[in-house]
Amino acid sequence: GCARDWDGLTCWPRATFGEVVKIQCPRFFEEFTNTHGSVLQRNCTQEAQWSEPFPPYTVACGFDEGSTKGPEDQKSYYSTFWRIYTAGYAASVTSLLTALIVFAAFRKFHCTRNYIHMHLFVSFILRAIAVFTKDAVLFADETMDHCLMSTVACKAAVAFFQFSILANFFWLLMEGIYLQTLLLLTFVSNRQFLCWFIVAGWGAPAVVLFAWVLTRIHQQNTGCWDDDENGVVLWIIKGPILITVLINFMIFINVIRILVHKLKSQEGGGSNSNHFMRLAKSTLLLIPLFGVHYVVFAFCPEGTGLEARLYIELGLGSFQGFVVALLYCFSNAEVQTELKKQLCRWQHQEYLTFTHKHGNLSRENSPVNYVTQLSLLEKISPQRKTSVFHNGVTTV
């Protein structure tokens, strides 16, 4: 019969002689056409050769000969989009690493709040690394046969990608829970909840991923685990993410309610009013970062709004780590003050070092120094003459 075949757009399964194989058009065509559920056919001939697809992709999948936006144009579009989100993730990783170094280098920033921020930074860094790894393993070679590609390396890359997404959402949830804890409790121990946050932020994604991997192995162990998933496998990942987003959404509503109440009450007067106002602004800025927009797409069919999802989840999402680092670190008044102090220390130390070296050179080249050396030679010279005379007599 005919072996499995990758024609550059879709994978055709193995077939016997004379068998006609029918498959649906690749789903990515649905992003740019109004054609849904169209069927392609190929025949396995007696010579063990696949026939050409009929009807052709251009006809069956919504592209005709006069189309101004063919597959090559879509390939160029995806290539441009890949450059955009690659630049976004690169900027995010650079800014997040810098923020991590700042928080780790200054002892003043070693507190529960910043420790949670640092774990969130790491989750965003892992997400960017996972995207780069997945692209390198799955899509670096355009001639790769995706029908036969089912290696441990590519499955591990996809599993790591899923873990990074889960960890990212769970640490966003930890940020929301900690924010509400600060507002509800007047005094919070520095390390009272940190261990629980760490266990939940990293442990929960690991448990969900383990369940997803086992389900994939036993129910849908196909390809590199990056193909379309059935309902059970899909919701093992999608379900916990949706739960974290909904909890965060409720937390934000409650946080806004608490802030409004504090601002209206007598407790919100004076300096406390300014403090809560700054906190309110930060909270409102964080709302888009906590994945609330994913609720819009959660219950929509996977084939709807794909172009909008690309812009939001890949385009804007790639810069999400940069915005988080900017909001939590670089725009923080405490961080800016501490960095200015450290810069002044470095400048002062450099000035003292320069002054010390310049002073030593001045003393070495001073005329007074030469006079002192000459006077010392004059005092020593008579003794040297006597020593030489006695040495000479002794030799005779």
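Quick caveat, the model's predicted, so the values are computed rather than measured.

Thresholds, definitions, all that
Residues numbered from 1 in each chain as written. Predicted model: local features only at pLDDT ≥ 70, side-chain atom pairs only at ≥ 80, totals over all residues. Heavy atoms only, no water. Disulfide = S-S within 2.5 Å. Helix = DSSP H or I, 4+ residues; strand = E, 2+ residues; numbered from the N terminus. Buried < 20%, exposed > 50% of the residue type's maximum accessible area, 1.4 Å probe, protein only. Core = buried A, V, L, I, M, F, W, Y, C linked by side-chain atoms within 4.5 Å. Contact = heavy atoms within 4.5 Å. pLDDT = per-residue confidence, 0-100. Pairing = 2+ DSSP bridges. UniProt positions renumbered as here; feature names shortened; annotations may be inferred. Salt bridge = Lys/Arg side-chain N within 4 Å of Asp/Glu carboxyl O. Polar contact = N/O pair within 3.5 Å; in protein donor to acceptor, adjacent residues only side chain to side chain. Axes fitted to C-alpha atoms, helices over the stretch in contact; angles between N-to-C directions. Parallel < 35°, antiparallel > 145°, perpendicular 65-115°, else oblique. Left-handed = near helix turned anticlockwise from the far one by under 90°. Nonpolar A, V, L, I, M, F, W, Y, C, P; charged D, E, K, R; others polar.

Draft legend 1. Region of the structure containing the state of the cysteines. With the rule as written, the count across this model stands at two disulfides. What pairs with cysteine 2 in a disulfide is cysteine 44, and their sulfur atoms sit 2.1 Å apart. Every disulfide takes its handedness from the sign of the S-S torsion; for cysteine 2 and cysteine 44 that torsion is 95°, giving right-handed. Placement of cysteine 2 in the segment before β1 (5-6) and of cysteine 44 in the loop between β4 (39-43) and α1 (57-60) is noted, with a sequence separation of 42 residues between them. Neither residue differs from the other here; cysteine 2 and cysteine 44 are each classed as buried. Here cysteine 154 engages in a disulfide with cysteine 224; their sulfurs sit 2.0 Å apart.

Draft legend 2. Fine view of the nonpolar core. Of all hydrophobic cores here, the largest spans 62 residues; its most connected members are Phe103, Leu120, Phe121, Trp171, Trp212 and Ile241. Where this core is concerned, the elements lending two or more residues are α2 (71-105), α3 (112-138), α4 (152-184), α5 (194-219), α6 (231-264) and α10 (320-330). It is α4 that contributes the most residues to this core, 17 residues altogether. The residues contacting isoleucine 241, other than those within four sequence positions of it, are Ile165, Leu166 and Phe169.

Draft legend 3. Local environment of the confidence of the model for the protein chain. With 65% of its residues at a pLDDT of 70 or more, the protein chain shows a mean pLDDT of 75. Within the protein chain, the element-level pLDDT minimum falls on helix α12 (residues 367-395), averaging 47, and the maximum on α5, averaging 92. This stretch, residues 268-272, has a pLDDT under 50; its non-local contacts, to residues over four places away or in other chains, come to four contacts. Overall, residues 370-374 carries pLDDT values under 50, and its contacts beyond four positions in sequence, including any with other chains, amount to two contacts.

Draft legend 4. Spotlight on the pairing of strand β3 (residues 20-24). Covered by surrounding structure in β3 are Val21 and Ile23 only, the residues Val20, Lys22 and Gln24 on the alternate face being uncovered. Where β3 lies against β4, five bridges are found, and the strand directions are antiparallel. If you follow lysine 22 over to β4, its bridge partner there is glutamine 41.

Draft legend 5. Here's a closer look at the UniProt feature "transmembrane region" (unreviewed entry) in the protein chain. Annotation from UniProt places "transmembrane region" (unreviewed entry) at residues 84-106, 118-140, 160-186, 193-215, 235-259, 279-299 and 311-331. Between the end C-alpha atoms of residues 84-106 there is a gap of 34 Å, over a span that is 96% helix and 0% strand. With 96% helix and 0% strand, the stretch residues 193-215 has end C-alpha atoms that lie 33 Å from each other.

Draft legend 6. Spatial organisation of the pattern of salt bridges. Here the structure, examined in full by the defined rule, presents two salt bridges. Its salt-bridge partner being arginine 42, residue aspartate 5 comes within 2.9 Å of it at the nearest N-O pair. With aspartate 5 in strand β1 and arginine 42 in strand β4, the pair connects residues that are 37 residues apart, well separated along the chain. The exposure class of arginine 42 is buried, given its relative accessible area of 7%. Here lysine 108 makes a salt bridge to glutamate 338, at a shortest N to O gap of 3.7 Å. Taken together, the residues span a long stretch of sequence, with lysine 108 in the loop between α2 and α3 and glutamate 338 in helix α11 (residues 333-364) at a distance of 230 residues.

Draft legend 7. Molecular detail of the side chain of arginine 42. Among the polar contacts made by the side chain of arginine 42, one reaches the main-chain carbonyl oxygen of serine 51 at a distance of 2.8 Å. Excluding its chain neighbours within four sequence positions, the residues that come into contact with arginine 42 are Asp5, Asp7, Trp12, Glu19, Val20, Val21, Trp50, Ser51, Glu52, Pro53 and Phe54.

Draft legend 8. Looking closely at the packing of α3 against α5. Running from N to C, α3 and α5 point in directions that differ by 15°, and their axes come no closer than 11 Å. In this view, α3 runs roughly parallel relative to α5, as classed from their interaxial angle. Along this stretch, α3 crosses α5, giving a crossing that reads as right-handed. Between α3, through Thr112, Tyr115, Ile116, His119, Val122, Ser123 and Leu126, and α5, the contact on the second element is made entirely by Leu194, Phe197, Ile198 and Trp202. Here the contact of α3 with α5 is built from residues that sort into eight nonpolar, three polar and no charged.

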